Amino acid sequence: MSAEQQHRDGQAADPGPRSLAQALRERDDASLAALLRARPDLLHPVPTDVTQLATRAGTRASVLRALEHLDRFALQSAEALAVAPDPASYQELLGLLAGDEGDEAVAGALPATVALLRERALVWGGEDRLRLLRTARELLAPSASHSSPTGLGPSVAEATSGMSPGRVQEIVTAAGLPHTHDAVSAVAALSALFADRERMAALLEQAPEASREVLGRLVWGPPYGQVTAEPAAHLRWLLDRGLLLPTTPGTVVLPREAALSLRGGRAHRVPEPVRPRVAVAAERTPQVVDAAAGGQAFAALATVEELLRSWDEGGPAVLRAGGLSIRDLKRTAAVLEVPEPVAAFWVELAYAAGLIASDGGHAEERHDRAEDDGEGYDEQEREARPRRRTGEAEHYAPTPESDAWRDLPPADRWAWLLEAWLPGTRTPGLIGGRDGRDRTLSALGPGLDRSPAPEVRRRVLELMAELEPGQAPDPAALLERLRWERPLRSAGPRRERPEPPRTGARSAYGGGVAANDPEALRTKLTEWALLEAEMLGVTGRGALAAHGRALLAAPGRPGEAGAARASAVAALLAPHLPEPLDHVLLQADLTAVAPGPLVRPLAEALAVLADVESKGGATVYRFTPGSVRRALDAGRGATELHAFLAQHSRTPVPQPLTYLIDDVARRHGRLRVGAASSYVRCDDESVLDEILADRRAAALRPRRLAPTVLAAQADPRTLIEGLRAMGFAPAAESAEGDVMIARPHSHRTPPRTPPAPVPDGPPAPDATLLTAAVRAVRAGDRAATAPRKDAPADESPGGLPRTSPADTLATVQAAAMTGESVWIGHVNAEGAASQRLLAPLRVEGGYVTGYDHTADEVRTYALHRITGVAELAEDPDGADSPH
């Protein structure tokens, strides 16, 4: 027995509920909870009863959101119902989807799809009276001015609604049908002719070939065409027989019934009941994938650390409109040695993780009106130049959290970054594009949030996780699967497919997307998710790594689940990260080779003592007089430097390096520079004589104050730089005569919270909220549907009961003694009136306490705020009372 036959036999042949509210009222609690889980927007605020729930489920915004979360076949089913009679039977819906010849795949998938549409309150009614929600029908059904997503136009009755009865009779006669006495029967006869496959085929056999060609162009949509005031003969033949009906002057449409006959009964050219399979592009061993992903994860950590290090003393200035300038992004890309779009991604990731932020300067501003300096500013960039202030400027800098992040083990640092990347809505790939106002989108600037990004990112990883470990998906097949799961209803009839994602080159990252092109955005989000996952080390060589699978653990309570998941991810990644080394290899050419990552203290000390010459699997450092002097300026002595190198080198310290350190140290500090304007002090008078005799010192205007002291007309920093240019190695001196140690000054922002993701609608409710919401709706519904005894005939439904204070007191006291429930009208302190179904428990001190069925809890009400009391009507069926 087929699935369709089983579905038909398993359904009762009753007309079903008369309204959506009644259909929802007949559901059990689990079904109501499933509706609220699938459509969380219905929960805010919690509906007071089922009627309000049904009303809210039919609002345009809610229906649009529900339609956007249907898969392609569910959406096709809803679109077919929109062009079917209202109500339609299950068999009629099956015929529209499977066509005259039938389709086993459609018949097998349709029962579950109809159940899904029922669950989400988009379809209701009995088996023979399926009704699409009225708002959904208005959104999906064709009209005289636009076609439906199926490509079908209006029905004959809709297209001829404004046509004169005489013209309708002319069409009926030309089509070979008998004359009728009224337009209604004539339209019905014409509709029946077009819907009858055999008679329709016989009619078309008489049509000219050119007429059939016109119908062939219109049959799959769009069904509209243009005609002149004097149409050609083949068009006149179609117009005379109603196969083309006028909608507006000069525009005609192919009626829906005729199009369905030409299509063989199908509402869609290609029904898609089966989800596309994600094809495998390559297979690799899981160990290779995990190792490659671990290498990428380590490179990601190194890149973020380099970014924080480069901004440690204060990063780029904040633009007037927010974000980084083009020039600053280029400089950052050069420091990180990556393309600019990739640099923008790392900057945005560090920002989302709370590692960098604006320092929030609030000094008085003044605009910069300087001319373009020729470093890549365009007109918009010039408008958004960094703000010039009379006080401190606002810059980007590392946050205090960045210091805590750098102290963590590498695997924990990586998990920190991934916990920011996976739910983040900021989309770095948009940087460089234009927003809706045609303004350039900049890194760290506004306008980069795209709420679908987390859903696409997570779904890409979930689909990759469905494959066997080591299998890399085909990007084109992955994109096709995502399109099937979340088709864009606004895209209308099927169009040419955009190019599949490119994963080969990182230079493909970024470029921007048109603000009004949601289909292109969804495609780009998929492409960017694949590229970002590879750069971060979530995937390795195109396949999902083991630690990437752990990222998909379902989150539970905030904080606890996130910490547990991060710990699990870090534990899986840690074995694949290289162990930091505590040694380097010194070479005779004044270089040091770090064969892998260095422990943090060694890396920081070596960065001061030497310059980085090249990066990669091994980092090469070069020692120069300037770098050694930098270490001496930081307070390290020559003996200390020799001991440091001997301790951390696996090779003997080369003699040239020893000589270099001793030579720089011998000359370092012989000259002392202080503020006079500035002065030079040296115990060796011959050195001062040499300075005075050097022509290059003329700009400093030195003069001897004492045999061992020179004064200069320059500030200490300029004097030090001038003497170093002359080949000397001066050291700065404090007011007490001590050598001043020059250490880099780390700049930190005030405490900052990371940017919050922009949600795509309300959050998914948890089980506790769903249970409470269902109870509240049930309680409110019981209260709202309970009848009142002897209600006045002129009282509107839901009107407040009105009784005297004495009658009110007597009625509630009697109800408390008998345990009955009563209606009360209540006005709260804010003046808001409501009616409540109350089971009084006690009446004392001017208050009545009882179980409020409307609120589903025990409450106390002041008697003077009760407008009146009404008893419940007796249930003629003998049902239990609400309490």
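Everything quoted here is computed from the prediction, not taken from an experiment.

A. Representation of the overall build of the chain within the structure. Of the regular secondary structure elements, the chain holds 35 helices and 27 strands. Put simply, 68% of the contacts in the chain that link residues at least 6 apart link residues at least 24 apart. Here the chain displays about 42000 Å² of accessible surface, and carbon together with sulfur accounts for 53% of that area.

B. Region of interest: the packing of aromatic side chains. This structure, assessed with the given rule, holds 2 aromatic pairs. Here the aromatic rings of W311 and Y396 are separated by 6.4 Å at their centres, their planes lie at 25°, and the arrangement is stacked. Taken as a pair, W311 in the loop between helix 17 (286-310) and helix 18 (326-336) and Y396 in strand 10 (residues 396-398) lie far apart in primary sequence, 85 residues in all. Exposure remark for Y396: the relative accessible area of 5% places this residue in the buried category. A cation sits over an aromatic face here: R636 above F644, 5.4 Å from the ring centre.

C. View of the side chain of R836. Summarising the element assignment, R836 is placed in strand 24 (residues 833-844). If we skip the residues at most four places from it in the chain, R836 touches V822, W823, I824, H826, D852, T854, A855, R859 and Y861.

D. Representation of the pattern of salt bridges within the structure. As enumerated under the stated definition, the model contains 40 salt bridges in all. Linking E640 and R636 is a salt bridge whose minimum nitrogen-to-oxygen distance equals 2.9 Å. Within this structure, R459, E462, E466, R481 and E485 form a network of salt bridges that share partners.

E. Expanded view of the nonpolar core. One finds F194 and L243 to be the most contacted residues of the largest nonpolar core, which totals 93 residues. Per-element accounting of this core gives the leading share, 8 residues, to helix 6 (residues 72-83). With residues near it in sequence (within four places) discarded, L243 still touches F194, M200, L203, L204, L215, W237, L238, V253, L254, P255 and A258. In terms of nonpolar packing, the next biggest core, distinct from the first, is built from 67 residues, F345, A350, A415 and L552 among them.

F. Broad picture of the pairing of strand 24. Direction of pairing for strand 23 (residues 822-827) relative to strand 24: antiparallel, over a ladder of 6 bridges. Looking at strand 24, one finds that G825 is bridged to Q835. Turn length for the strand 23-strand 24 hairpin, with the two strands adjacent in sequence and antiparallel, is 5 residues, and the turn residue G831 shows positive phi of about 90°. As paired elements, strand 24 and strand 25 (residues 847-852) share 6 bridges and run antiparallel to each other.

G. Highlighting helix 32 (residues 685-693). Burial in helix 32 covers these residues: V687, L688 and I691. Along the axis of helix 32, the buried residues cluster in a sector spanning 95°; they form a single face. On the buried face of helix 32, the contacting elements are strand 19 (678-681), strand 20 (703-706), strand 21 (709-712) and helix 33 (716-725).

H. Structural detail: the packing of helix 17 against helix 22 (residues 410-421). With their axes 10 Å apart at the nearest point, helix 17 and helix 22 run at an angle of 80° to one another. Considering the angle they form, helix 17 stands roughly perpendicular to helix 22. Here A297, L301, V304 and E305 of helix 17 lie close against helix 22, whose contacting residues are P410, R413, W414 and L417.

I. Structural context of the sheet that holds strand 5 (residues 251-253). Read across the open sheet, the 3 strands follow the order 3-5-4; overall the sheet is antiparallel. Edge strands, defined here as strands with exactly one partner in the open sheet, are strand 3 (224-226) and strand 4 (245-248). On average, each strand axis in the sheet is inclined to that of its neighbour by 40°, with strand direction left out of account.

J. Geometry of the sheet that holds strand 17 (residues 619-622). Overall, antiparallel pairing links the 4 strands, which are arranged 14-15-17-16 in an open sheet. If you trace the sheet from one side to the other, it starts and ends with strand 14 (585-587) and strand 16 (611-614), each paired once. Averaged over all neighbouring strand pairs, the angle between strand axes comes to 30°, with direction disregarded. In the sheet, strand 16 pairs with strand 17 via 3 bridges, with the strands oriented antiparallel. Across the sheet, residue V612 finds its bridge partner in strand 17, namely Y621.

K. Here's a closer look at the side chain of E272. You can see E272 is positioned in the loop between helix 16 (256-262) and strand 6 (280-283). Reaching out from E272, the side chain makes a polar contact with the side chain of R72 at a distance of 3.2 Å.

Thresholds, definitions, all that
- Residues numbered from 1 in each chain as written.
- Predicted model: local features only at pLDDT ≥ 70, side-chain atom pairs only at ≥ 80, totals over all residues.
- Heavy atoms only, no water.
- Helix = DSSP H or I, 4+ residues; strand = E, 2+ residues; numbered from the N terminus.
- Contact = heavy atoms within 4.5 Å.
- Areas by Shrake-Rupley, 256 points an atom, 1.4 Å probe, with all protein chains shown as cover.
- Phe/Tyr/Trp six-rings, centres within 6.5 Å; stacked < 30°, edge-to-face > 60°.
- Buried < 20%, exposed > 50% of the residue type's maximum accessible area, 1.4 Å probe, protein only.
- Lys NZ or Arg CZ within 6 Å of the ring centre and 35° of its normal.
- Salt bridge = Lys/Arg side-chain N within 4 Å of Asp/Glu carboxyl O.
- Core = buried A, V, L, I, M, F, W, Y, C linked by side-chain atoms within 4.5 Å.
- Pairing = 2+ DSSP bridges.
- Arc of directions from axis to C-beta.
- Axes fitted to C-alpha atoms, helices over the stretch in contact; angles between N-to-C directions.
- Parallel < 35°, antiparallel > 145°, perpendicular 65-115°, else oblique.
- Polar contact = N/O pair within 3.5 Å; in protein donor to acceptor, adjacent residues only side chain to side chain.

Don't take any of this as a statement about function, it's just geometry.
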